[in-house]
Amino acid sequence: MANTPTSPQPLTFTDEEIDYLGRTADALSAYIGKPVLAEIIDADETGFEWVVFGIPLDVADDAENHVIVAIGGQNARIIGNKGGIDIKDEVYDCEYLWAIQLSDLEGVRFIKVDHEGEEVAWSDDIGGILPFELSDEPLPDIDEEDDDDSGDEDNADDTFSPHRAPPGLH
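Residues numbered from 1 in each chain as written. Predicted model: local features only at pLDDT ≥ 70, side-chain atom pairs only at ≥ 80, totals over all residues. Heavy atoms only, no water.

## Remarks on the overall build of the protein chain
Okay, so step 1: Of the regular secondary structure elements, the protein chain holds 1 helix and 7 strands.
Okay, so step 2: In the protein chain, the succession of helices and strands from N to C terminus is α-β-β-β-β-β-β-β.
Okay, so step 3: The buried share of the protein chain, taken over its 170 residues, is 32%.
Okay, so step 4: For the protein chain, long-range pairs separated by at least 24 residues make up 55% of all intrachain contacts whose partners lie at least 6 apart in sequence.
Okay, so step 5: Only carbon and sulfur atoms are counted for the fraction: they give 47% of the accessible area of the protein chain, which is about 11,800 Å². (Helix = DSSP H or I, 4+ residues; strand = E, 2+ residues; numbered from the N terminus. Buried < 20%, exposed > 50% of the residue type's maximum accessible area, 1.4 Å probe, protein only. Contact = heavy atoms within 4.5 Å. Areas by Shrake-Rupley, 256 points an atom, 1.4 Å probe, with all protein chains shown as cover.)

## Observations regarding the nonpolar core
Okay, so step 1: Core analysis: the largest hydrophobic core is formed by 22 residues, its most contacted members being F13, L21, V51, F53, I100 and F110.
Okay, so step 2: Counting residues per element, the ones that place at least two in this core are α1 (15-32), β1 (37-41), β2 (50-56) and β5 (91-105).
Okay, so step 3: No other element matches α1, which puts 4 residues into this core.
Okay, so step 4: Setting aside residues no more than four positions away along its own chain, V51 makes contact with F13, L21, A38, E39, I40, I79, W98, A99 and I100.
Okay, so step 5: One finds V69, I78, I111 and V113 within the second-largest nonpolar core, a separate group that totals 13 residues. (Core = buried A, V, L, I, M, F, W, Y, C linked by side-chain atoms within 4.5 Å.)

## Here's the deal with unusual backbone geometry
Okay, so step 1: Unusually for a residue other than glycine, N75 sits at a positive phi of about 65 degrees.
Okay, so step 2: By secondary structure assignment, the location of N75 is in the loop between β3 (68-72) and β4 (77-79).
Okay, so step 3: A relative accessible area of 73% means that N75 is categorised as exposed.

Function-wise, these values are silent; they only describe arrangement.
If you want it as structure tokens, here you go:
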């Protein structure tokens, strides 16, 4: 039997990674109060899948002030809950937030690309480049936490500051 060369398999997201990416779009929608769409782009042309995140432009938005990407259309692989938008086959002009592409580099499975096309983060763990910590682990039971009876009500860890990122953001 002769050895026949085979073309390399395209890099594709796992079901778990797709779940994390969809949940990230949902969390971003809730966090910024606008729908965030995430579309997985097929590996046919590039040999690797990638996902693009964007916010659909409002009619009042000036497209010249944003990097624009088209998300949606026939056969689009939109993930997450779509920010409350009932997407059928429409194409939305969106403000490009970032993209994550798959990589076959040793120790690097994910590369994050910013709105200027620059590779700004890379990781072998998807959680290392997402803006939210997405964990299936249960939150600690408040009743089981140790109460601090020191009387120090000005503890900075317990004080909300609008200038600090909420817990779970990177």
